[in-house]
Each structure stands twice: as structure tokens, then as C-alpha cells.
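# Examining the three-dimensional arrangement
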Amino acid sequence: ALELAGVERLLREHGVRVVSCVCAAGNLLNPSNVAVVKRKLDLASHFGADVVVGSAGAATSDDERLQLYDCLREIGDYADRLGITVCLDTERGLC
């Protein structure tokens, strides 16, 4: 909380408004990375960002692709509840 207060203070002092940020966390097939993205979405929301950018991840099989779609849906639903649009860089094997 102390670090957040310091960032908030610096933003105010310099007249900077956060409008977007990067929310990357590695391979989203790993559930702990999905949790990291959600925490970053919380922080983006806290600072007023309404757009975040991240990697959609990569899949090497049809099963992984389906699992990744579920993870992306979970992240998208979470972001939607926060009023955030998620923009994804798609990797090979995903599209």
C-alpha cells in the first residue's frame, strides 16, 4: 500500500493520468500466471487504466488451445467486470 501511495503521489505531482499499461505474465496455460494477470488488472483499475496490453500466449496442440481459450475467457470476464479492455498479441498456434 505504501508503494501504491508513492506512485499515486508522483502521478499527481506530475499531472500524469494512467490510460493503459502492459499486463504480461508468461504462459497463461499456467494458472498462477492467470492469477498474476488478474492482480495486474486490479492495479490497472486502481490507477484508472481502461486498456491493458498483453500476450495471448501460445498453444502447441488443440487441447492446449482450448485450455488457453478458457484462460483468456476468464481474464476477459474479469477485466470486463473492472471496465477494462484487454488487447492481446496473438502467437503462433492460437489463431
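Described below are features of the structure shown in this document. (Residues numbered from 1 in each chain as written. Predicted model: local features only at pLDDT ≥ 70, side-chain atom pairs only at ≥ 80, totals over all residues. Heavy atoms only, no water.)

This next bit is on the nonpolar core. Leu 28, Val 37, Leu 41, Val 52, Leu 68, Ile 75 and Ile 84 are the most contacted members of the largest nonpolar core, which totals 21 residues. In terms of residue count, the dominant contributor to this core is helix α3 (residues 62-82) (6 residues). If sequence neighbours within four positions are ignored, Val 52 has contacts with Cys 21, Cys 23, Leu 41, Ala 44, Ile 84, Thr 85, Val 86 and Cys 87. (Core = buried A, V, L, I, M, F, W, Y, C linked by side-chain atoms within 4.5 Å. Buried < 20%, exposed > 50% of the residue type's maximum accessible area, 1.4 Å probe, protein only. Helix = DSSP H or I, 4+ residues; strand = E, 2+ residues; numbered from the N terminus. Contact = heavy atoms within 4.5 Å.)

Its place among the elements puts Leu 82 in helix α3. The partly exposed category is assigned to Leu 82, whose relative accessible area is 30%. Distance from Leu 82 to Asp 42, taken between C-alpha atoms, is 7.8 Å for residues 40 residues apart in sequence. Ignoring anything within four residues of it in the chain, the contact list for Leu 82 reads Leu 41, Asp 42 and Ser 45.

A word on helix α1 (residues 2-14). For α1, with 13 residues, the first-to-last C-alpha span of 19 Å sits near the 18 Å given by 1.5 Å per residue. Gly 15 lies just past α1 and shows a positive phi near 65°. (Expected span 1.5 Å × (residues − 1).)

Moving on, we come to the pairing of strand β3 (residues 85-89). As paired strands, strand β2 (residues 51-55) and β3 are joined by 5 bridges and run parallel to one another. Directly across from Val 51, in β3, lies its bridge partner Thr 85. (Pairing = 2+ DSSP bridges.)

Here we come to the sheet that holds β3. Paired through backbone hydrogen bonds, the strands of a sheet run either parallel or antiparallel to each other. The strand order β1-β2-β3 describes an open sheet built from 3 strands, whose pairing is parallel. Only two strands of the sheet have a single neighbouring strand rather than two, namely β1 (20-22) and β3. In this sheet, neighbouring strand axes are inclined to one another by 25° on average, regardless of whether the strands run parallel or antiparallel. Strand direction decides the pairing type here: β1 and β2, joined by 3 bridges, are parallel. The residue of β2 that forms the bridge with Cys 21 is Val 52. (Axes fitted to C-alpha atoms, helices over the stretch in contact; angles between N-to-C directions.)

These results come straight from atomic positions and should not be treated as a statement about function.
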